[in-house]
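Breakdown of the fold
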Amino acid sequence: MTELVVLASPEGEAIGTADKAAVHTADTPLHFAFSAWVVREGTILLTRRALSKLTWPGVWTNSFCGHPGPGEATGDAVVRRAHFELGLTGTPELVLPDFSYRAEDSSGVVEHEFCPVYLFETTDEPTLNPDEVDSYAWAPAGDVLAAAQATPFAFSPWMIEELAHVPLREALLR
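Residues numbered from 1 in each chain as written. Predicted model: local features only at pLDDT ≥ 70, side-chain atom pairs only at ≥ 80, totals over all residues. Heavy atoms only, no water.

The name an unreviewed UniProt entry gives the protein chain is Isopentenyl-diphosphate Delta-isomerase, with Corynebacterium singulare as the organism. Check the Pathway (unreviewed entry) section of the UniProt entry for the protein chain; it says "Isoprenoid biosynthesis; dimethylallyl diphosphate biosynthesis; dimethylallyl diphosphate from isopentenyl diphosphate: step 1/1." What UniProt states about the protein chain under its Function (unreviewed entry) heading is, verbatim, "Catalyzes the 1,3-allylic rearrangement of the homoallylic substrate isopentenyl (IPP) to its highly electrophilic allylic isomer, dimethylallyl diphosphate (DMAPP)." (UniProt positions renumbered as here; feature names shortened; annotations may be inferred.)

This part takes up unusual backbone geometry. Unusually for a residue other than glycine, Glu41 sits at a positive phi of about 50°. Tracing the sequence through the fold places Glu41 in the loop between strand S4 (34-40) and strand S5 (43-49). The phi dihedral of Trp56 falls on the positive side, at around 50°, and the residue is not glycine. Counting through the fold element by element, Trp56 comes out in the loop between S5 and strand S6 (60-61). Given a relative accessible area of 9%, Trp56 falls into the buried group. (Helix = DSSP H or I, 4+ residues; strand = E, 2+ residues; numbered from the N terminus. Buried < 20%, exposed > 50% of the residue type's maximum accessible area, 1.4 Å probe, protein only.)

If you trace the backbone, Glu113 turns up in strand S10 (residues 110-114). A polar atom in the side chain of Glu113 sits 3.2 Å from the side chain of His67. In contact with Glu113, not counting residues within four places along its chain, are His24, Leu30, His31, Ala33, His67, Phe99, Ser100 and Tyr101. (Polar contact = N/O pair within 3.5 Å; in protein donor to acceptor, adjacent residues only side chain to side chain. Contact = heavy atoms within 4.5 Å.)

This paragraph deals with the pattern of salt bridges. Applying the stated criterion across every chain, the model contains eight salt bridges. Across the pair Glu72 and Arg80 runs a salt bridge whose closest N-O atoms are separated by 2.9 Å. For Glu72, a relative accessible area of 24% translates into the label partly exposed. The partner of Arg81 in a salt bridge is Glu132, with the nearest N and O atoms 3.2 Å apart. (Salt bridge = Lys/Arg side-chain N within 4 Å of Asp/Glu carboxyl O.)

The next thing to look at is the packing of helix H3 (residues 141-150) against helix H5 (residues 166-173). Relative to each other, H3 and H5 sit at 145°, their axes nearing to 8 Å. Between H3 and H5 lies a crossing of right-handed hand. Side by side, H3 and H5 meet where Ala141, Gly142 and Leu145 of the first sit next to Arg169, Leu172 and Leu173 of the second. Of the residues in the contact of H3 with H5, the class split is four nonpolar, one polar and one charged. (Axes fitted to C-alpha atoms, helices over the stretch in contact; angles between N-to-C directions. Left-handed = near helix turned anticlockwise from the far one by under 90°. Nonpolar A, V, L, I, M, F, W, Y, C, P; charged D, E, K, R; others polar.)

To continue, consider the packing of aromatic side chains. Considering all chains together, one arrives at six aromatic pairs under this definition. On the numbers, 5.3 Å between centres and 90° between planes, the contact of Trp56 with Trp158 is edge-to-face. Of this pair, Trp56 sits in the loop between S5 and S6 while Trp158 sits in helix H4 (residues 157-163); the two residues are 102 residues apart in sequence, bridging distant segments of the chain. The exposure class assigned to Trp158 is buried, which follows from its relative accessible area of 2%. Of the aromatic side chains, those joined through ring pairs into one cluster are Trp56, Phe99, Tyr101 and Trp158. Across from the ring centre of Trp138, 3.9 Å away, lies the NZ or CZ of Arg40, which sits over that ring. (Phe/Tyr/Trp six-rings, centres within 6.5 Å; stacked < 30°, edge-to-face > 60°. Lys NZ or Arg CZ within 6 Å of the ring centre and 35° of its normal.)

Rendered as C-alpha cells:
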C-alpha cells in the first residue's frame with residue numbers, strides 16, 4: 001500500500017499529495033508532518049532511527065515522527081504512529097503548533113516540513129518496530145536538554161531546532 005504525504009503551500013495550505021517513498025529527495029517539497037516527545041515520570045524517550053531509514057539513518061532523535069495522511073487529523077496520526085513505531089498507547093498534547101524546518105542530511109536528502117510538536121504521555125514500555133527504530137533510551141529531561149546543548153551534532157537537526165523553543169523545554173521539564 002502506498003503511503004501518501006500531504007503537500008503544503010508556503011502559507012500552510014494543503015495543495016495535493018505525493019508518495020512518501022518518492023517525496024524525500026534532494027528537492028523535497030514542503031509537506032505536513034509532526035514530531036512527538038514521549039514522556040513518563042520526568043523522563044524522555046529518545047530513539048535511534050533504524051539504519052534502513054532514508055533520512056538520518058542511525059541518528060538519535062526525539063521519540064518519533066510521522067506524517068498525517070490525507071484527511072487525517074494530526075493528533076490522530078500521532079496516536080497511529082506511536083503504536084506503529086513503538087507499540088505505545090497514550091495521549092498527545094500539542095506544544096508547538098507552528099514549528100517548521102528544513103534540513104539536509106549528509107547524503108543530500110532534504111526534510112522540509114510543517115511539523116507541529118507534541119508531547120505524548122504513556123505508562124507503556126516501548127515495543128520497537130525494527131523498520132523504524134533501532135534502539136531507545138529513557139533519560140531524565142534535564143540530561144537530554146544538557147546533552148542536546150553540549151553535543152547538538154549527535155542528534156537529529158529537528159530535535160535540536162525543536163529544543164530551541166521555550167514552550168517545549170518547559171513542557172519537558174514539568
